[in-house]
Amino acid sequence: MNRIGLALFFVGASLTGTLNAHHSTQGIYQDELSDLTGTVKMWRLINPHPHLVLEVKDEQGVVQEWDVSYGGAAAVHLKRMGYATDTFAVGETINFKGHRARAAGVNGLLVEGGGNIPTRADGTPVVKGGSMF
Amino acid sequence: MQQRFSVRKLVYGIVAGAFAGLVLVRTSTAADAIPEIAGLWQMPQCPSTGATGGGGLNRRCMEIAENDAKLTERAKAYHDAIDEFAQPKYDCAPMPIPMMWSEPYSFAIEQLEDRVLIRYGKEEVVRTIWLEGHGFEEPKYNEFFYYGHSVGRYENGALVAVTDRFTFDSQGWNADSRIPSSTQKQMFERFTKEGDTLVLEVTATDPFFLKEPLTYRVTSKPEAEWDFDWDCDLEASRSILKIMEPQYPNDPPVNYIDYQARP
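Residues numbered from 1 in each chain as written. Chains lettered and ligands numbered in written order. Predicted model: local features only at pLDDT ≥ 70, side-chain atom pairs only at ≥ 80, totals over all residues. Heavy atoms only, no water.

Draft legend 1. Representation of the overall build of chain A within the structure. Helix and strand counts for chain A stand at two helices and six strands. For chain A, the N- to C-terminal ordering of α and β elements is α-β-β-β-α-β-β-β. Sequence separation of 24 or more characterises 66% of the internal contacts of chain A that already satisfy a separation of 6 or more. For chain A, the exposed surface amounts to about 6400 Å²; the carbon and sulfur share of it is 53%. (Helix = DSSP H or I, 4+ residues; strand = E, 2+ residues; numbered from the N terminus. Contact = heavy atoms within 4.5 Å. Areas by Shrake-Rupley, 256 points an atom, 1.4 Å probe, with all protein chains shown as cover.)

Structural data, given as structure tokens:
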């Protein structure tokens, strides 16, 4: 990788890195990104970390609950990106892209707050995005 | 021969006395100058090195990492044994110091006559630095504190403070990575101003868990407004535990105390 590429890599990494402000996400989630679509059961824009529960049908058609986390981001970080208490409506279908939990039999997804903004059923991003700080 | 009264000598004497007084005043002002550090400040930032850490923020210089070369063998052993599920942060206990300085949140400083208050935006912690010479009450021999006990003074245009009497803290050096701190933790802070920039120099030691001090110099710019509150929610704090593998699966499950359910 040449110097320009390396510099761009660091810039990109700095803009989308996960906030480890409360707990380290290392080892909890898989490295690769996955897609997850479901209906919102609960959304709390709250501290220390906003919390969303998604109902997702598994391969057998059984509805499973998934915990969607924004890592170490606090409510203020997401608010600065445009998130609000009414960003997600209960029953609404949302598409997420994130890292699935490693533990077997556990339904968890880490959405890196700085990037991978979720989208609504029509494909529009749920928030405009921007800096958390 | 009678000594004649000399107007010239009188004038010289007055001027010399005034000059001496001016020197004395200037000297004492310089030594005891109180830096104007009160106000609202943005999160501290490490000197720019071209690379960032901790989520893209420039705060790596303030961190004791999980594999930090400073860690003693004892620290590594504690780290491996500590159960993440038992960490105080899942009870909404605040981040420790000096780690709190590395958190990406604003903070406020208030300078009172006998103390300096530091209010951290994260977790709404208020620290008190008791100023020498104002008769603060010394802690009793059996008193230890989560945020230690801080004593400070103004010296050469800086606020310098020493903090010790920390309780043992399983997350005391890094709550993200299970690095504990002992009752021997000690923190030295020096607050100064450079123009409109707050400068904070920290040296922190803990002979049980660090082979050498953690030392850094960070700066903060003024913050325009305080745009958030905290109010930690226990359920939200503990939600991630549901997706983590327990470290001690053969131990009985823990029913966490619901502190927030109490009237």
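Draft legend 2. Structural context of the packing of aromatic side chains. Counted under the stated rule, the structure contains 17 aromatic pairs over all chains. Through a chain of ring-to-ring contacts, the aromatic side chains of W43, Y70, Y83, F88 and F96 of chain A assemble into a single cluster. If you follow R165 of chain B out to its NZ or CZ, it ends over the ring of F144 of chain B, 5.3 Å from the centre. Lying over the aromatic face of W173 of chain B, K185 of chain B brings its terminal NZ or CZ to 5.4 Å of the ring centre. (Phe/Tyr/Trp six-rings, centres within 6.5 Å; stacked < 30°, edge-to-face > 60°. Lys NZ or Arg CZ within 6 Å of the ring centre and 35° of its normal.)

Draft legend 3. Unusual backbone geometry, seen in detail. Across the junction of N47 of chain A and P48 of chain A, the peptide omega takes the value 5°, indicating a cis bond. Mapping P48 of chain A onto the fold places it in the loop between β1 (34–44) and β2 (51–57). Following I97 of chain B, the chain continues into P98 of chain B via a peptide bond in cis, with omega recorded as 10°. Mapping P98 of chain B onto the fold places it in the loop between α2 (73–81) and β2 (107–111). Phi at E123 of chain B takes a positive value of approximately 65°, unusual for a residue other than glycine. In this structure, E123 of chain B sits in the loop between β3 (115–120) and β4 (126–131). With a relative accessible area of 12%, E123 of chain B lands in the buried category. A positive phi angle, close to 55°, is found at E124 of chain B, a residue other than glycine. Relative to the elements of secondary structure, E124 of chain B occurs in the loop between β3 and β4. (Buried < 20%, exposed > 50% of the residue type's maximum accessible area, 1.4 Å probe, protein only.)

Draft legend 4. Focus on the sheet that holds strand β10 (residues 197–205) of chain B. Residue and element names in this part refer to chain B. Strand order in the open sheet formed by nine strands is β1-β2-β3-β4-β5-β6-β9-β10-β11, and the pairing between neighbours is mixed. Strands at the two margins of the open sheet, each flanked by one partner only, are β1 (39–41) and β11 (214–220). Within the sheet, the average angular offset between the axes of one strand and its neighbour, ignoring direction, is 20°. (Pairing = 2+ DSSP bridges. Axes fitted to C-alpha atoms, helices over the stretch in contact; angles between N-to-C directions.)

Draft legend 5. Representation of the pattern of salt bridges in the model. Scanning the model with the defined rule gives 21 salt bridges over all chains in all. For K76 of chain B, the salt bridge identified is with E73 of chain B, shortest N-O distance 3.4 Å. Within this pair, K76 of chain B and its partner E73 of chain B are both found in helix α2, separated by three residues, close to a single helical turn. Among the residues examined, K76 of chain B registers a relative accessible area of 35% and is labelled partly exposed. Notably, a salt bridge pairs E132 of chain B with R153 of chain B, separated by 3.9 Å at the nearest N-O pair. Taken together, the residues E132 of chain B in the loop between β4 and β5 (149–155) and R153 of chain B in strand β5 connect sequence positions 21 residues apart. Residue class for E132 of chain B comes out partly exposed when judged on its relative accessible area of 41%. Salt bridges here are not isolated pairs; linked through shared partners, they connect R44 of chain A together with D233 and E235 of chain B. (Salt bridge = Lys/Arg side-chain N within 4 Å of Asp/Glu carboxyl O.)

Draft legend 6. Representation of the nonpolar core in the model. By size, the foremost hydrophobic cluster in this structure holds 39 residues, and its most contacted members are W101, I109, Y120 and F191 of chain B. Put simply, the parts of the chain that give this core at least two residues each are β2, β3, β4, β6 (158–164), β9 (186–194), β10 and β11 of chain B. Ranked by the residues each element gives to this core, the list is headed by β10 of chain B, at four residues. If we skip the residues at most four places from it in the chain, W101 of chain B touches P44, M62, F107, I118, Y120, R127, E189, F191, L200, V202 and Y216 of chain B. W43, V68, M81 and L109 of chain A belong to the second largest nonpolar core, which has 23 residues in total. (Core = buried A, V, L, I, M, F, W, Y, C linked by side-chain atoms within 4.5 Å.)

Draft legend 7. Fine view of the environment of K185 of chain B. Residues and elements named next belong to chain B. In this structure, K185 sits in the loop between β8 (179–181) and β9. Given a relative accessible area of 2%, K185 falls into the buried group. The spatial distance from the C-alpha of K185 to the C-alpha of M244 is 30 Å, given a sequence separation of 59 residues. Setting aside anything within four residues of it in sequence, one finds K185 in contact with P96, I97, T163, D164, F166, G172, W173, T205 and D206. Within the structure, the side chain of K185 is placed 3.3 Å from the side chain of S181, a separation counted as a polar contact. (Polar contact = N/O pair within 3.5 Å; in protein donor to acceptor, adjacent residues only side chain to side chain.)

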